[in-house]
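Examination of the molecular architecture
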Amino acid sequence: MTSAVVPDHPWLLPGALAVPTDQVHVGPRRTTRDWIVDGVAFLISLLWVLFVTADATTPDPELAPRLPHDWMIAADALIGLACCVLLWFRRRWPLGLAVATLPLTAFSMAGAIPLLILYFTVVVHRRTAVALAITAAGLCTNFLFSYLRPEPDMPYWVSTVWGVVLSVTVLAWGMFVRARRQLVVSLRERAERAEAEQQLRVAQARQLERTRIAREMHDVLAHRISLLSLHAGALEFRPDAPPEEVAKAAAVIRGSAHSALQDLREVIGVLRAEGGGEEDPERPQPTLADLPSLIEESRAAGVRVNVADLVGAPEAVPAAIGRSAYRIVQEGLTNARKHAPGAAVTVGVAGEPGAGLTVEIRNRWPVGGPADGQIPGTGTGLVGITERVTLAGGRLEYGRDDSGDFRLAAWLPWPA
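All of these numbers come straight from a predicted model, not from anything done at the bench.

A word on the nonpolar core
One finds Leu288, Ile328, Val329, Leu333, Val347, Leu357 and Ile361 to be the most contacted residues of the largest nonpolar core, which totals 29 residues. Within the residue set of this core, elements represented by two or more residues are helix 9 (291–300), helix 10 (319–339), strand 2 (345–352), strand 3 (356–363), helix 11 (381–391) and strand 5 (406–412). The element that contributes the greatest number of residues to this core is helix 10, accounting for seven residues. Excluding anything up to four places from it in sequence, Leu357 contacts Leu288, Val311, Val317, Ile321, Ala325, Val349, Ala350, Gly351, Ala410, Trp411, Leu412 and Trp414. The next biggest cluster of nonpolar side chains, apart from the first, holds 12 residues, and it includes Phe120, Val122, Val130 and Ile134.

Structure representation (structure tokens):
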């Protein structure tokens, strides 16, 4: 799960931009910037109400014709003060307040500035269709205002045009502010989505790497544990063996057990490791050049292995292909020790660039069927080898052939 993008100075942003996109609030959250803006708007509106009221009480008002009754001046001032108070609630109910105060724009001069601010809030916080509807209604009241409170030195149509120009200007400004905020929100959501996708790709890559390492460890551990079982079985059935042979077998058991524990420790460490920490460097992976040592290891365990290596330069084989061939031979020798103990095994490797690499492991089918129960296995070795060969773009065949031998054969692509 990705964390929301937090700006450096959230108090400088409006509440709609300061709140992360993955958080839902019941009401709007007012930031420090919103408090400052609302305070300034309230102060300007209040000064306007006082200025208009003071001008209306003079014998010759400059802003509008003098009202015929003093109570009208007081009522207009009270309307203006009420509209100033409503400014503190405009962020929560912009449309409702704009509709409720719309009739006041037909005659109130004191409420002109706070009502204009309420109209601007609707344009910024509501969709364009709603803003245009409020604008159309405001233009109608503008025509009525010019009729109810005409300017003595200005024709009716001039006063009306000035009102239309003012409304359109506020509409354009509010739409620009709204479009800019929507752009910022869109860019932030895109950045958060990109960060989430990147973290998902990293997690998937880590999981694939751990799966690959676990598959490698399965092949290695199955090979070493089968050697352990083979030597231990020899000691069990030949307790009267010469001390030299017993010591040699014990040394092989000790070395194989040590290597198996080392491999197991590494795979558990990798699977438990969390992202961000330093991990021990992975040991070099085997290639086709390491195949002779694998054969000698099996021969030391008493397995008769015949090799037909027709690859002239094993070091020229690509590392990935050579590693897959090594694992195939390793799995074939492990299965032979498990299911056909004592049978001779033939390993054949041949290929050249452009023609591909062919690997074949063949052993005689044991009399009476495979030996079950002596060396238990997971039953997934051939499944893992099949997956490995398929991912490499090759082919794998295994089973009894026409001569009755068990045959494990694979073809791997070797680019020219």
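Still to come is the rest of the account.
A short note on the packing of helix 2 (residues 32–56) against helix 3 (residues 70–86)
Packed helix pairs are characterised by how far apart their axes lie and by the angle those axes make with each other. For the pair helix 2 and helix 3, the least separation of the axes is 9 Å and the interaxial angle reads 175°. Taken together, the axes of helix 2 and helix 3 are roughly antiparallel relative to one another. For the pair helix 2 and helix 3, the contacting residues are Phe42, Ser45, Leu46, Val49, Thr53 and Ala56 in the first and Ile73, Ala77, Gly80, Leu81, Cys84 and Val85 in the second. Its residues assigned to classes, the contact of helix 2 with helix 3 comprises nine nonpolar, three polar and no charged.

Some remarks on the pairing of strand 1 (residues 305–309)
Pairing of strand 1 with strand 2, which is carried by five bridges, proceeds in the parallel orientation. Note that in strand 2 the partner of Val305 across the bridge is Val345. Running through helix 10, the crossover from strand 1 to the neighbouring parallel element strand 2 is left-handed.

A closer look at the side chain of Ser298
Its location among the elements puts Ser298 in helix 9. Taking the relative accessible area as the measure of exposure, Ser298 reaches 0% and is therefore buried. Not counting residues within four places of it along the chain, the set of residues in contact with Ser298 comprises His223, Val303, Val305, Leu333 and Arg337.

Details of the UniProt feature "coiled-coil region" (unreviewed entry) in the protein chain
Under the UniProt annotation, the feature "coiled-coil region" (unreviewed entry) is placed at residues 177–208. Secondary structure within residues 177–208 divides into 100% helix and 0% strand; the distance between the first and last C-alpha atoms comes to 46 Å.

Describing the pairing of strand 3
For strand 2 and strand 3, the ladder comprises eight bridges, and the chain directions are antiparallel. Opposite Val347, over in strand 3, you have Ile361 as the bridge partner. Linking two consecutive strands that pair antiparallel, namely strand 2 and strand 3, is a turn of three residues; a positive phi of about 95° is found at Gly354 within it. Across seven bridges, strand 3 lies against strand 5 in antiparallel orientation. Looking at the pairing, Arg362 lines up with Arg407 of strand 5.

A look at the sheet that holds strand 1
The mixed open sheet is built from five strands, whose spatial order is 1-2-3-5-4. A single partner strand is all that each edge strand has here, and the edge strands are strand 1 and strand 4 (395–400). Ignoring strand direction, the axes of neighbouring strands in this sheet form an average angle of 10°. Along the sheet face, helix 9 touches strand 1 and strand 2 and points at about 165° away from the line of strand 1. Relative to strand 3, helix 10 is tilted by about 5°, and along the sheet it contacts strand 1, strand 2, strand 3 and strand 5.

Quick notes on the pattern of salt bridges
One pass over the full model with this rule turns up 10 salt bridges. We note a salt bridge from Arg299 to Glu296, for which the minimum N-O separation is 3.0 Å. Pair noted here: Arg299 and Glu296 are both in helix 9, with a separation of three residues, about one helical turn. As a salt-bridge pair, Glu397 and Arg407 come within 3.3 Å of each other at their nearest N and O atoms. Here Arg407 lies in strand 5 and Glu397 lies in strand 4, a separation of 10 residues in the sequence.

A word on the packing of aromatic side chains
Two numbers describe a pair of aromatic rings. These are the distance of the centres and the angle of the planes. One pass over the structure, following the stated rule, counts six aromatic pairs. Seen from their ring centres, Phe89 and Trp93 are 6.4 Å apart, and the 25° between their planes marks the pair as stacked. Each ring, one from Trp365 and one from Phe406, has its centre 6.3 Å from the other, and the planes form 35°; the classification is tilted. Taken as a pair, Trp365 in the loop between strand 3 and helix 11 and Phe406 in strand 5 lie far apart in primary sequence, 41 residues in all. Judged by its relative accessible area of 28%, Trp365 falls in the partly exposed class. One aromatic cluster is present, built from ring pairs that chain together Trp35, Phe42 and Trp88. Over the ring of Trp93 we find Arg92, and its NZ or CZ is 5.7 Å from the ring centre.

Section: helix 10
With 21 residues, helix 10 should reach 30 Å at 1.5 Å per residue; the first-to-last C-alpha distance of 30 Å fits that figure. Burial analysis of helix 10 places 17 of its 21 residues in the buried class, the great majority of the element.

Some words on a nonpolar patch on the surface
The grouping of Phe107, Phe143, Leu144, Tyr147, Leu148, Met154, Tyr156, Trp157, Val161, Trp162 and Val165 at the surface amounts to a nonpolar patch, some 1,200 Å² of accessible area in total. Secondary-structure elements contributing two or more residues to the nonpolar patch are helix 6 (128–148) and helix 7 (156–237). Of all the elements, helix 7 adds the most residues to the nonpolar patch, at five residues. Within the element layout of this structure, Val165 appears in helix 7. Exposure remark for Val165: the relative accessible area of 41% places this residue in the partly exposed category.

Some words on helix 5 (residues 112–125)
With 14 residues, helix 5 should cover 20 Å at 1.5 Å per step; its first-to-last C-alpha distance of 20 Å lies within 8% of that length. With respect to burial, helix 5 is a largely interior element, 10 of its 14 residues being buried. Along helix 5, the residues that are buried comprise Pro114, Leu115, Ile117, Leu118, Tyr119, Phe120, Thr121, Val122, Val123 and Val124.

Rules and cut-offs
Residues numbered from 1 in each chain as written. Predicted model: local features only at pLDDT ≥ 70, side-chain atom pairs only at ≥ 80, totals over all residues. Heavy atoms only, no water. Core = buried A, V, L, I, M, F, W, Y, C linked by side-chain atoms within 4.5 Å. Buried < 20%, exposed > 50% of the residue type's maximum accessible area, 1.4 Å probe, protein only. Helix = DSSP H or I, 4+ residues; strand = E, 2+ residues; numbered from the N terminus. Contact = heavy atoms within 4.5 Å. Axes fitted to C-alpha atoms, helices over the stretch in contact; angles between N-to-C directions. Parallel < 35°, antiparallel > 145°, perpendicular 65-115°, else oblique. Nonpolar A, V, L, I, M, F, W, Y, C, P; charged D, E, K, R; others polar. Pairing = 2+ DSSP bridges. Right-handed = clockwise from strand over helix to strand, strands pointing away. UniProt positions renumbered as here; feature names shortened; annotations may be inferred. Salt bridge = Lys/Arg side-chain N within 4 Å of Asp/Glu carboxyl O. Phe/Tyr/Trp six-rings, centres within 6.5 Å; stacked < 30°, edge-to-face > 60°. Lys NZ or Arg CZ within 6 Å of the ring centre and 35° of its normal. Expected span 1.5 Å × (residues − 1). Patch = residues over 30% accessible without salt bridge, like charges linked within 9 Å, V, L, I, M, F, W, Y side chains within 5 Å. Areas by Shrake-Rupley, 256 points an atom, 1.4 Å probe, with all protein chains shown as cover.

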